[in-house]
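One letter stands for each residue in the lines below.
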Amino acid sequence: MSRNAMLDAWVSEVAALCGPERVHWCDGSKAEYDAMIRVMIQTGTAVPLADDTRPGSVLVRSHPADVARVEDRTYICSTNKDDAGPTNNWMAPAEMKATLTELFRGSMAGRTMYVIPYSMGPIGSPIANIGVELTDSPYVVANMHIMTRVGSAVLDVLGDGGFVRGLHSVGAPLGANDPDSPWPHNLEHKYICHFPETREIWSFGSGYGGNALLGKKCHALRIASVQARDEGWLAEHMLILKLTNPEGRVHYITGAFPSACGKTNLAMLTPTIPGWKVETIGDDIAWMKIGRDGRLRAINPEAGFFGVAPGTSEATNANAMGSLTGNAIFTNCAMTEDGDVWWEQMTDEAPEGATDWLRRPWSRGTARKAAHPNARFTVPARQCPVIAPEWEDPEGVPIDAILFGGRRTSTVPLVTEAFDWTHGTFMGATAGSETTAAAVGAVGQLRRDPMAMLPFCGYNMADYWNHWLTFEQRTSPAKLPRVYFVNWFLKGPDGKFLWPGYGENSRVLKWIVERVEGTAEAVDTPIGRVPAPGALDIDGLQLADGALERLLDVDIEGWLNEVPLIRDHFAKFGDRLPTSLAARADDLERSLLVAQE
Ligand code: O2Y
Ligand code: MN
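Calculation notes
- Residues numbered from 1 in each chain as written.
- Chains lettered and ligands numbered in written order.
- Predicted model: local features only at pLDDT ≥ 70, side-chain atom pairs only at ≥ 80, totals over all residues.
- Heavy atoms only, no water.
- Donors = N, O, S within 2.8 Å, 3.2 Å for Na, K, Ca; no water.
- Helix = DSSP H or I, 4+ residues; strand = E, 2+ residues; numbered from the N terminus.
- Buried < 20%, exposed > 50% of the residue type's maximum accessible area, 1.4 Å probe, protein only.
- Contact = heavy atoms within 4.5 Å.
- Polar contact = N/O pair within 3.5 Å; in protein donor to acceptor, adjacent residues only side chain to side chain.
- Pairing = 2+ DSSP bridges.
- Axes fitted to C-alpha atoms, helices over the stretch in contact; angles between N-to-C directions.
- Domains from an automatic or database assignment.
- Buried area = accessible area lost by both parts, 1.4 Å probe.
- Core = buried A, V, L, I, M, F, W, Y, C linked by side-chain atoms within 4.5 Å.
- Near = heavy atom within 4 Å.
- Areas by Shrake-Rupley, 256 points an atom, 1.4 Å probe, with all protein chains shown as cover.
- Phe/Tyr/Trp six-rings, centres within 6.5 Å; stacked < 30°, edge-to-face > 60°.
- Lys NZ or Arg CZ within 6 Å of the ring centre and 35° of its normal.
- Patch = residues over 30% accessible without salt bridge, like charges linked within 9 Å, V, L, I, M, F, W, Y side chains within 5 Å.
- Salt bridge = Lys/Arg side-chain N within 4 Å of Asp/Glu carboxyl O.
- Lys, Arg positive; Asp, Glu negative; His and termini not counted.
- Charge placed at Lys NZ, Arg CZ, Asp CG, Glu CD.
- Parallel < 35°, antiparallel > 145°, perpendicular 65-115°, else oblique.
- Left-handed = near helix turned anticlockwise from the far one by under 90°.

Asker: Now, about the coordination of the manganese ion (ligand 2): what can you tell me, with residues and values included?
Answerer: For the manganese ion (ligand 2), the protein coordination sphere consists of Lys217 (NZ), His237 (NE2) and Asp284 (OD), at 2.2 Å. For the manganese ion (ligand 2), all donor residues lie on one chain, and their spacing in sequence is K-x19-H-x46-D. One end of the pair, histidine 237, is in the loop between β12 (234-236) and β13 (239-244); the other, aspartate 284, is in the loop between β15 (277-282) and β16 (286-290), and 47 residues separate them in sequence. For the pair histidine 237 and aspartate 284, a shared accessibility class is recorded, and that class is buried.

Asker: Go over helix α10 (residues 314-323), please, and point to the residues and values.
Answerer: Among the residues making up α10, those that are buried are Thr316, Asn317, Asn319, Ala320, Met321 and Ser323. Of the surrounding secondary structure, the elements contacted by the buried residues of α10 are α9 (263-267) and β24 (376-380). A distance of 3.2 Å separates the backbone nitrogen of alanine 315 from a side-chain oxygen at the start of α10, and that oxygen is part of serine 313.

Asker: Give me the lowdown on the sheet that holds strand β17 (residues 296-299), citing residues and values where you can.
Answerer: Spatially, β12-β16-β17-β25 is the arrangement adopted by the four strands of the open sheet, whose pairing is antiparallel. Because the sheet does not close on itself, it has two edges, and the strands there are β12 and β25 (397-398). Relative to β25, β17 runs antiparallel, the two being bridged by two bridges. Considered in β25, the bridge of arginine 297 is made with proline 398. Lying over the sheet, helix α8 (residues 215-231) contacts β12 and β16, oriented at roughly 160 degrees with respect to β12.

Asker: Tell me about the domain arrangement of the chain, and please be specific about residues and values.
Answerer: In many reports, interface size means the accessible area that the parts give up when they come together. You can read the domains of the chain as domain 1 (5-45 + 70-231), domain 2 (236-303 + 391-596) and domain 3 (304-383). Relative to domain 3, the C-alpha centre of domain 1 lies at a distance of 27 Å. Across the contact, 14 residues belong to domain 1 and 14 residues belong to domain 3. The junction of domain 1 with domain 3 conceals about 970 Å² of combined surface from both sides, 62% of it contributed by carbon and sulfur atoms. Looking at the side of domain 1 facing domain 3, the largest losses of area belong to Ile146, Met147 and Tyr208, adding up to 54% of the total buried there.

Asker: Report on the nonpolar core, specifying residues and quantitative values.
Answerer: In this structure, Trp287, Phe330, Trp343 and Trp465 are the most contacted members of the largest nonpolar core, which totals 121 residues. Examining the composition of this core, we find that seven residues originate from one element, helix α5 (residues 138-147), more than from any other. Residue contacts for tryptophan 465: discarding those within four places in its chain leaves Thr425, Ala429, Pro450, Met451, His569, Phe570, Phe573, Leu577, Pro578 and Leu581. Within the second largest apolar cluster, 36 residues are counted, among which are Ile253, Leu414, Leu490 and Val508.

Asker: Now, about the site of ligand 1: what can you tell me, with residues and values included?
Answerer: In the region of ligand 1, 13 residues are neighbours, and Arg69, Gly210, Lys217, Asn374 and Arg376 sit closest. Residue asparagine 374 places a side-chain N or O atom 2.8 Å away from an oxygen atom belonging to ligand 1. For ligand 1, whose unbound accessible area comes to 360 Å², protein coverage reaches 90%. Elements supplying a minimum of two residues to the shell around ligand 1: α7 (209-212) and α8.

Asker: Describe the sheet that holds strand β18 (residues 304-308), and please don't skip the residues or the numbers.
Answerer: Taken in spatial order, the five strands line up as β2-β3-β19-β24-β18 in an open sheet, and their pairing is mixed. Edge positions in the sheet fall to β2 (46-48) and β18, since each of these pairs with one other strand and no more. Each strand axis lies, on average, 20 degrees off the axis of its neighbour in the sheet, ignoring direction. Here strand β19 (residues 329-331) pairs with β24 via three bridges, running antiparallel. Residue threonine 331 lies in a different strand from β24, and its bridge partner there is arginine 376. Across the face of the sheet, α5 comes into contact with β3 (58-60), β18, β19 and β24 while running at roughly 115 degrees to β18.

Asker: Residues and numbers for the packing of aromatic side chains, please.
Answerer: Evaluated as defined, the whole model comprises 19 aromatic pairs. Look at tyrosine 484 and tryptophan 511: their rings are 6.1 Å apart centre to centre, the planes differ by 80 degrees, and that puts the pair in the edge-to-face class. Highlighted residues: tyrosine 484 in strand β30 (residues 482-486) and tryptophan 511 in helix α14 (residues 506-517), separated in sequence by 27 residues. Each residue in the set Phe104, Phe195, Trp202 and Phe204 is aromatic and connected to the rest through ring pairs, giving one cluster. When the ring centre of phenylalanine 489 is taken as origin, the NZ or CZ atom of arginine 407, which lies over that ring, is 4.1 Å away.

Asker: Break down a negative patch on the surface for me, with residues and values.
Answerer: A contiguous patch of negative charge on the surface is contributed by Asp51, Asp52, Glu337 and Asp338. Counting through the fold element by element, aspartate 52 comes out in the loop between β2 and β3. Exposure remark for aspartate 52: the relative accessible area of 72% places this residue in the exposed category.

Asker: Quick one: what's the story with the pairing of β17, residue by residue and with numbers?
Answerer: Neither face of β17 is left uncovered, since the one carrying Leu296 and Ala298 and the one carrying Arg297 and Ile299 both have all their residues buried. The sheet contact formed by β16 and β17 spans four bridges and is antiparallel. Note that in β17 the partner of lysine 289 across the bridge is arginine 297.

Asker: Residue-level account of unusual backbone geometry, with values.
Answerer: Outside of glycine, negative phi angles account for most residues, and trans bonds account for most peptide bonds. Unlike most non-glycine residues, glutamine 345 shows phi in positive territory, near 70 degrees. Considering the arrangement of structural elements, one finds glutamine 345 in the loop between β21 (341-342) and β22 (354-355). Looking at glutamine 345, the relative accessible area reads 53%, which means it is exposed. Backbone geometry places tyrosine 502, a non-glycine residue, at a positive phi of 45 degrees. Assignment of secondary structure puts tyrosine 502 in the loop between β30 and α14.

Asker: Explain the packing of helix α16 (residues 556-571) against helix α17 (residues 579-596) to me, using residue names and the numbers behind them.
Answerer: Between α16 and α17, the least distance of the axes is 10 Å, while the angle of their chain directions is 160 degrees. One finds that α16 runs roughly antiparallel with respect to α17. Our pair here, α16 against α17, has a crossing hand that is left-handed. Contact with α16, carried on its side by Ile556, Glu557, Trp559, Leu560, Val563, Ile566, Arg567 and Phe570, involves Leu581, Ala582, Ala585, Asp586, Leu588, Glu589, Leu592, Leu593, Ala595 and Gln596 of α17 and no other residues of that element.

Asker: Can you tell me about the side chain of asparagine 88, naming the residues and giving the values?
Answerer: Mapped onto the fold, asparagine 88 is located in the loop between α3 (81-84) and β5 (89-90). Residue class for asparagine 88 comes out buried when judged on its relative accessible area of 16%. At 3.1 Å, the side chain of asparagine 88 and the backbone oxygen of cysteine 457 are in polar contact. Dropping the residues within four chain positions of it, asparagine 88 is found in contact with Ile76, Leu454, Cys457, Gly458 and Tyr459.

Okay, here's the thing in structure tokens:
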């Protein structure tokens, strides 16, 4: 029981529908976390890792049919279909609830229903928001402990106020004598449904990641994007980093990048340029509100990292590796003979005598992958060696620059500065990325992923762009962050990457903050401002002959080919498309034609 009558009534109503054996109210304590881990070990969901290598850590292996977010089963159930827009799956709320109510009926039989009160953002922050997740999964409880702030203190702040309601069931009721399975889930029915008007999430059938940890993508992006629209702020799929220059001046930067573009790596980057320092505020989500000073201030609503493991190594992200020394939950990684985890590229040498994520023997030289490509680690953010001391500042940090990016092997230069806020919104709205093997579908196809929010915007994307455009009226435009488009993935004619990426990306960040400070030169081009000759610090960097010219070149023909693609993309939104964005496509074409002459 809580002191919130709405919460108590809802918990009773859900318990009556789902029929759990017992109800447990989570207090967020260490003892509770340890109990969840014990339950998972007993049911075979988790195995403890060697205590001398990764103390307090476990490896969890999911069912092979439940390994990632399921975008085709994700719905935005607004009353009007047009309010969900052309980029979301939609069903009418009453119809969806009728279907789900029958699926949830009795779905928690034989299980415990956990009541998880959580805060997205530091408890009590003016930017934070409270949710309650009801779930029958101890894996979810343990992960929510790491990824959010859970427990009684949340209920104290909530008082009798409103909250986001998240209902989750793995959809695998247990009969009286049924043994549990290591990864209960529902093979036939998976639904990840959002009811933005009533701030509800109903998730059925999957126990994995973003489908089940409802604070993350479901609350902090899909529902929060609607709350943000209604209340005048921004809920974004962005990392937040702190950059300090050799003189000690600090700038805060957010960055929106689609999956497989290295967001966690950028958030924890080790700069190669002497005297510069990057510290991490967040690696996935930013909530931004105009502060009393008129500046856009950001918090990381999460308390942990749910990072993709394969590809993470001392070479690519030493700070992520440094975060993983203990108290971590690893999901779908391989296990070594000495009780540690392993994944592709973690070390130069693969281990001998390991067990793959499907619990099969695996050894160096085995053709199939040891870890699932979407294998994950869950770890408290405070364990990151470069976590910024102010990462939990309830007021948030003032943002100087917003980056948009994508994986583009041609056409899009290394870095481009927007002319103004509307142009920055246009850059974000037209952002796209070439697909990799990590995504479903053909490799190398350009997928438009506006503001990296394609799978996460809880309403019509055109209305969302319109919301972005309103920020120029919400504060003095000079106080808004500058906007940039970055592209680390340009390739030369030989098919090799032109830019080394990783720590060298600090050179681009340096130019960006020098632009913010008014000390770096740029040249105007039809697509925006690019570094003037000599303005990008490439001291000590070995680039191939002609690489820098290619990296900063504006390919007029390539961009003229891009304009009709942008218009096609915009056309999907019909008359909801903000006219100022259509006008920017016309301006772009006009100035490209002038430049072509
Ligand atoms: O597959 C999942 O459920 C995880 S997806 C994810 C996890 C952490 C950060 N970002 C993402 C994403 O898909 O953007
Ligand atoms: Mn993400």
